[in-house]
Amino acid sequence: MKKVVILLTALLALLIGLWAQQALKVDFTTIDGNEHVWNNSQEKWKVVNYFAEWCAPCLREIPELNHFYQLYKEDIDIFAVSFDPLSDEQLTELQQKYDIQFPVIATLNIMPWMQPPNSLPTTYIVDADGKVQKQLKGEQSAENLIQTINGLKGL
């Protein structure tokens, strides 16, 4: 009987450990220290924009991305990812310099689709389950982003 109790206790501890590991999984962190996962319970879609300071179209689209963020931040998350490897300090300076009003990703557990794109700017539309639904190349407008997302949702 004692062995059965020990075995059941060990099994329960293992299951709790596996559950905790999955529950605490973090896919990326923003430079403000907030942790995020691609698959979330809030049913929020995400817009992930790759940019670089040396990319003129990337800088030109920032006001549109800020506008999108202001209009839809309650329903859709938007994040910036630097194409170039930069420190958190450098990312914070870029965010301030170019008035990027939405979160900038600092650390990222690479997803297969998250390999840096071959051209900039590139924007990924990610559904609430963490699956890429669309990859957009070139400058984006707030209007184009919401039309694309609504189309993907069937709205």
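Shown above is the structure to which this text applies.
The structure contained in this document is the topic of the report that follows. Owing to the predicted nature of the structure, the values given are computational and were not obtained by experimental measurement. (Residues numbered from 1 in each chain as written. Predicted model: local features only at pLDDT ≥ 70, side-chain atom pairs only at ≥ 80, totals over all residues. Heavy atoms only, no water.)

### So, the sheet that holds strand E6 (residues 122-126)
Here is the rule we go by: Here, a strand pair is defined by DSSP locating no fewer than two bridges between the strands. Here a helix means four or more residues in a row that DSSP labels H or I, a strand means two or more in a row labelled E, and each is numbered from the N terminus. Angular values range over 0 to 180 degrees, each being the angle between N-to-C directions of two axes fitted as lines to C-alpha atoms, with helices fitted over their stretch in contact.
Judged by pairing direction, the sheet is mixed, and its 4 strands sit side by side in the order E4-E3-E6-E7 without closing on themselves. Strands with a single pairing partner mark the edges of an open sheet, and in this sheet they are strand E4 (76-82) and strand E7 (132-137). Strand-to-strand twist across the sheet, computed as the mean angle between neighbouring axes with direction ignored, equals 20°. Alignment of strand E3 (residues 45-51) against E4, held across 7 bridges, turns out to be parallel. Residue pairing for E4: Trp45 is matched across the bridge by Ile76.

### Considerations on the packing of aromatic side chains
What counts is decided by this rule: Pairing of aromatic rings covers Phe, Tyr and the six-membered ring of Trp, with a centre-to-centre limit of 6.5 Å; geometry is then stacked below 30 degrees between planes, edge-to-face above 60, and tilted otherwise. For each residue, the accessible area found with a 1.4 Å probe, counting protein chains only, is set against the maximum for its type, and the residue is called buried under 20%, exposed over 50%, and partly exposed in between.
Counted by the stated rule, this structure contains 5 aromatic pairs. Between Phe68 and Tyr72, the aromatic rings sit 5.1 Å apart at their centres with planes inclined by 40°, giving tilted as the arrangement. Of this pair, Phe68 and Tyr72 both sit in helix H2 (residues 56-72), separated by 4 residues, roughly a single helical turn. You can call Phe68 buried: its relative accessible area is 0%. Here Tyr69 and Phe102 contribute two aromatic rings whose centre-to-centre distance is 6.4 Å and whose plane-to-plane angle is 50°, an arrangement assigned as tilted. Remark: Phe102 occurs in the loop between helix H3 (88-97) and strand E5 (105-108) and Tyr69 occurs in helix H2; sequence separation between them is 33 residues.

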